[in-house]
Amino acid sequence: MNKSLILILFLLLFTSCNSGVALGTPGDSNINIVFVVDSSGSMGENNKMEVTRNALTRSIDLLPDNANVGILEFASSTEWIYPIGMLNRQEISEQIKRISSAGGTTIGNAMHEATTALVAHREHFPGNKQTATFRIVLMTDGQNSGGKNPLEVIPEVKHNGQ
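What you are looking at is a predicted structure, and each value in this text was computed from that prediction instead of being measured. (Residues numbered from 1 in each chain as written. Predicted model: local features only at pLDDT ≥ 70, side-chain atom pairs only at ≥ 80, totals over all residues. Heavy atoms only, no water.)

Visitor: I'd like a description of the nonpolar core, backed by residues and values.
Guide: Formed by 21 residues in total, the largest nonpolar core has its most connected members in Phe-35, Leu-56, Leu-63, Val-69 and Ile-71. Of all the secondary structure elements, the ones that give two or more residues to this core are strand E2 (31-38), helix H1 (48-62), strand E3 (68-74), strand E4 (78-86), helix H2 (89-98) and strand E5 (133-140). Sequence-distant contacts of Leu-56, that is, excluding residues within four places in its chain, are made with Phe-35, Val-37, Ile-71, Ile-96, Ile-99 and Met-139. Counting residues in hydrophobic clusters, the runner-up holds 16 residues, among them Val-36, Met-111, Leu-118 and Phe-134. (Core = buried A, V, L, I, M, F, W, Y, C linked by side-chain atoms within 4.5 Å. Buried < 20%, exposed > 50% of the residue type's maximum accessible area, 1.4 Å probe, protein only. Helix = DSSP H or I, 4+ residues; strand = E, 2+ residues; numbered from the N terminus. Contact = heavy atoms within 4.5 Å.)

Structural data, given as structure tokens:
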């Protein structure tokens, strides 16, 4: 992967039939999104972690108040700093501030875990699954250092999104 990238945002997975929907519109309760945030050691270089925190905060600000959100932080391991549930901007803001960089980068493992969680969330989603939007946003510098190969996880993500 291109090591000069500061931040890669992938909008993958679970796009509804209305693929023109981005992050939703005010009052839209059909937005379900998991942010997968790289907090590895390389993210501590060149201001990448600060850029990522700001991008994550701005993305959260764009969501409708009744969106379902999850934030999965990853480095050598993964941690749900905000499990998938109703948006609580204040709690998410506090969690974002705590993200720090250290460790390796296991992008494939994180994408696999996020996919598994979003599939489970979709199965129990009480709304109309046909009109709902389910997305994963990956925020990373792209420097994978272990775990599952991210390129091998992409087909799994695409398959589960159909």
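Okay, back to it.
Visitor: Please give an account of helix H3 (residues 107-123) that cites residues and values.
Guide: Between its first and last C-alpha atoms H3 spans 24 Å; for 17 residues at 1.5 Å apiece the expected length is 24 Å, and the two agree. Along H3, the positions that sit buried rather than exposed are Ile-107, Gly-108, Ala-110, Met-111, Ala-114, Thr-115, Leu-118, Val-119, His-121 and Arg-122. Buried residues in H3, looked at end-on, bunch into an arc of 165°, giving them a common side. (Expected span 1.5 Å × (residues − 1). Arc of directions from axis to C-beta.)

Visitor: Got a sec to walk through the pairing of E2? Specific residues and values, please.
Guide: For a regular strand, side chains alternate in direction, first toward one face of the sheet and then toward the other. Here E2 lies mainly inside the structure; eight of its eight residues are buried. Neither face of E2 is left uncovered, since the one carrying Ile-31, Ile-33, Phe-35 and Val-37 and the one carrying Asn-32, Val-34, Val-36 and Asp-38 both have all their residues buried. Where E2 meets E5, seven bridges bridge the pair, whose relative direction is parallel. Looking across to E5, one finds that Ile-33 is bridged to Arg-135. Taken together, the seven bridges between E2 and E3 define a ladder with parallel strand orientation. From the neighbouring strand, Ile-33 faces E3, where its bridge partner is Val-69. Note on the crossover from E2 through H1 to E3: the handedness is right-handed. (Pairing = 2+ DSSP bridges. Right-handed = clockwise from strand over helix to strand, strands pointing away.)

Visitor: Residue-level account of the environment of Phe-74, with values.
Guide: Note that Phe-74 resides in strand E3. Residues Phe-74 and Asn-109, 35 residues apart in the sequence, show an inter-C-alpha distance of 8.7 Å.

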